[in-house]
Structures are given as structure tokens and as C-alpha cells.
Amino acid sequence: MKVAVFSARRYDRMLLNEANASHGHELVFLEDQLNARTADLAQGCEAVAIFVNDKADKDVLATLAAGGTRLVTTRSTGFNHIDAEAAAALDIAATRVADYSPYSVAEFAVGLLIAVNRKIPRAVTRTRDGNFELDGLMGFDLHGRTVGVVGTGKIGRIFGRIMSGFGCTVLGYDPYPQAEFETYGRYVTADELLAASDIVSLHCPLTEANRHLVNADTLARSKRGGILINTSRGGLVDTEAAVEALKSGQLGGLAIDVYEQEASLFFQDLSTTIIADDVIQRLVSFPNVIVTGHQAFFTREAIGQIMATTLDNITAFARGEPLVNRIEA
Ligand code: NAI
């Protein structure tokens, strides 16, 4: 099957080509993001493989359908960038990578927490500059603190289990509770979680219903001086409200791997350009903020599974087999 691979980086090319040896698809690699301007590039490709900042909205899907595309598959777990209803209406199947190393993201979230709490990036910058002063680097013990996990799916549960190993009290909020979480954590309401947690970590998908789940109102009701970690999706946080909360000290620290406006920034080197996004520029200027460019998934194990499943999805579609990773409208 001829497959257009959008947002293809060097590692996508290398690993997909390797994994494709046993599938035999014709892969057309495109560095561009999929959007209204680039959708035509997929003309004649029955399948299109995309990534998190590609945009498969109604108009883009209509262009893809007109060009002969019958499958859109995302090389990610999250699928908020695909309009599943529009795809179904156009008779385009949509699939994703429902399962890949959840440890990659959970471990990264823990890393961000420790880095922002103990100010490790600042310390490294200082020692590189010959400055071995400790002033301004004080953090707090995680042991004995309360950690709130919003979304106790695959990643949230591993994160919660790790934090329980640190000696934290682990609280969870999820509309669909999981018995396993209760072996080390306790479910509470969203309000209780915010009020009681020293650290809140987001692990739920982004939907229309939970956009800006963290906003001025919820931040005001959170424990003063707490730390917020977001490795899930940028749209879950009203970033401007977070900036205000950081300025007032209501939010004591923020570490994000995802950002609402990341599509125009992440996965590219902009170091020699002027970045017009004032919100991200303000954020990276705070001493108690860490921003990483959507890399939580980026481990050897996770990427290997993502590429293998992406090709399995395409092969299953080509053979008319059931799509186990189908995104339902
Ligand atoms: P999952 O589907 O196993 O778990 C998600 C959980 O969130 C479910 O238990 C669900 O009931 C819960 N949930 C849904 N809406 C909620 C809400 N409003 N409040 C609280 N909980 C809610 O998903 P998984 O694999 O744990 O992934 C979680 C998210 O992590 C993904 O949706 C994706 O956005 C993000 N992610 C980020 C990556 C990165 O590299 N930064 C990589 C992989 C995933």
C-alpha cells in the first residue's frame, strides 16, 4: 500500500524503513506537517501516517479522501488531532497506537518533577559557568508529600505507582476508576485532588469537554505553591492563566512537555529565529518552569513499538482484517 508519512524526521524514516522490511509498503516520507496547505501531497496514497501536530480536520480529510486516501493512522496514543466523525463520514478509517511503553511517559513525568523541584537544569547551567553557589536551588522532599494524578489510565497508574514508591500519598481523579490504582492510591473528586495535592500531574486525553481543565479558577482552588506537571496535551492547561498563577506564587512550579500552541514550535530548530509566541517566551524565562518539546514518549522501546504498530495498522487495513486500534467516531 502506498503510504504518505507526514512530519517524518530522520528517526521516523530509519525505524519505519527497518520495520517495513516485513510489510513491504511503499513509504513516501514528507517532512511537512499535514494541514490544509499540504494535504494534496498525499494524492494517490491510500494510507496517511501522521503525528501529534498534524491536523486531520474536516477540510484536510476531505482533501485526503478526494486524493484516494482510505486510512489515516497516527503514530501516537493521543488522537485529538483527528476529527474521527468527519473521517467516518468520508469513509476514511482512523487508527492509532493504543499501546506502547507507558513507562516512557510516566518516567519522564517523574524526571520533570524532580528537575523542576530540585532546579537541576539551573544547577547544570550554573556549574557550566563555574558558579557553584546554592542560593536559589532549594527544593523540597517528595517523601511525605501528596501527589494528585488526573487520569489513571496506563501512564497515570505507572506514574502514581512510582510516586507511591517515593513515599508520597497518591490521590487520583478519573471518571472511570481502576481497581489497580487503589492498591497504592485513593480516588477523590477533582476538587479534593486540587485542594490537597502538592503536585498535580495530568495524564488524561484532551477532549472538547476538558479543554483548559486547568484554568484561572482551578488554579485559584489549588494548594498554594504547588507544582503542575503536564506530559499529556497542551490544551488541558490555560497557559496564560498558569503564567499569572506563577507570577502571584499561587503556582510554585510548572513543568510541561506539551503546550497548547506547540504545533508551530515543537519538533523543529528555531534557535536562529525570533520566536513570536510571547507566552512560551515568558514561560521559559521563569526560574521555576521547565519546558521540553514533546519528548516524553521518546525512548528506544516506545518508538520501536510505535513504528511496529503503525505498520501493523496499515497492513491490517490493506488485508481487510479487523482494525484493533481503530479510533471510533
Ligand atoms: P489511557 O487511555 O490509558 O488513560 C487515560 C485516562 O484518562 C483514562 O483512564 C480515562 O478514563 C481518563 N480520563 C479521561 N478524561 C478524563 C478527565 N476529564 N479527567 C480525568 N481523567 C480522565 O491513556 P494513556 O496511555 O495513559 O495516555 C494518557 C495521555 O498521555 C494521552 O491521551 C496523551 O494525550 C498523553 N501522551 C503524551 C505523550 C508525550 O510524549 N508527551 C505520549 C503518549 C501519551
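Residues numbered from 1 in each chain as written. Predicted model: local features only at pLDDT ≥ 70, side-chain atom pairs only at ≥ 80, totals over all residues. Heavy atoms only, no water.

K.L.:
Could you give an account of the overall build of the protein chain, with specific residues and numbers?
P.N.:
Of the regular secondary structure elements, the protein chain holds 11 helices and 12 strands. Taken over C-alpha atoms, the radius of gyration comes to 21 Å for the protein chain, in line with the 20 Å a tight globule of 329 residues would show. Along the longest, intermediate and shortest principal axes, the C-alpha atoms of the protein chain span 60 × 50 × 35 Å. Buried positions account for 50% of the 329 residues belonging to the protein chain. A separation threshold of at least 6 residues defines the contact pool for the protein chain, and within that pool the share at least 24 residues apart is 67%. Within the structure as shown, the protein chain displays about 15,800 Å² of accessible surface, and the carbon and sulfur contribution to it stands at 51%. (Helix = DSSP H or I, 4+ residues; strand = E, 2+ residues; numbered from the N terminus. Rg over C-alpha atoms; globule rule 2.2 N^0.38 Å. Buried < 20%, exposed > 50% of the residue type's maximum accessible area, 1.4 Å probe, protein only. Contact = heavy atoms within 4.5 Å. Areas by Shrake-Rupley, 256 points an atom, 1.4 Å probe, with all protein chains shown as cover.)

K.L.:
Help me get a handle on the site of the ligand, residues and values and all.
P.N.:
Around the ligand lies a shell of 24 residues, among which Y100, K154, I155, D174 and T231 are the nearest. Between the ligand and R233 there is a distance of 3.4 Å, counted from an oxygen atom to a side-chain nitrogen or oxygen. Take F297: an N or O atom from its main chain is 3.1 Å from an oxygen atom of the ligand. For the ligand, whose accessible area on its own is 870 Å², the fraction buried by protein is 86%. Of the residues assigned to the shell around the ligand, the class counts are 11 nonpolar, nine polar and four charged. (Near = heavy atom within 4 Å. Polar contact = N/O pair within 3.5 Å; in protein donor to acceptor, adjacent residues only side chain to side chain. Nonpolar A, V, L, I, M, F, W, Y, C, P; charged D, E, K, R; others polar.)

K.L.:
Can you tell me about the packing of aromatic side chains, naming the residues and giving the values?
P.N.:
All chains considered together, the criterion is met by six aromatic pairs. On the basis of an interplanar angle of 70° and a centroid distance of 5.4 Å, the ring pair of F181 and Y184 is categorised as edge-to-face. According to the relative accessible area criterion, Y184 is buried, its value standing at 13%. Three or more aromatic residues joined by ring pairs form one cluster here, namely Y11, F51, F267, F297 and F298. Over the ring of F140 we find R145; its NZ or CZ atom is 4.3 Å from the centre of that ring. (Phe/Tyr/Trp six-rings, centres within 6.5 Å; stacked < 30°, edge-to-face > 60°. Lys NZ or Arg CZ within 6 Å of the ring centre and 35° of its normal.)

K.L.:
Break down the domain arrangement of the protein chain for me, with residues and values.
P.N.:
Splitting the protein chain by domain gives domain 1 (2-100 + 299-319) and domain 2 (102-291). The partner domain 2 presents nine residues to the 13 residues of domain 1 that form the contact. Here domain 1 meets domain 2 over a buried area of about 980 Å², counting both sides, of which 47% is carbon and sulfur. Sorting the residues of domain 1 by area buried against domain 2 places N53, N80 and Y100 first, and these three jointly supply 45% of that buried surface. (Domains from an automatic or database assignment. Buried area = accessible area lost by both parts, 1.4 Å probe.)

K.L.:
Help me get a handle on helix α6 (residues 154-165), residues and values and all.
P.N.:
Residues lying three or four places apart along an α-helix face the same way, a consequence of the helix completing one turn every 3.6 residues. Given a rise of 1.5 Å per residue, 12 residues ought to cover 16 Å, and the 17 Å separating the end C-alpha atoms of α6 matches this to within 8%. Within the sequence span of α6, burial applies to G156, R157, I158, F159, G160 and M163. Next to the buried residues of α6 lie α4 (102-118), β6 (146-150), β7 (169-173) and β9 (199-202). In the stretch just after α6, G167 is the one whose phi turns positive, near 90°. (Expected span 1.5 Å × (residues − 1).)

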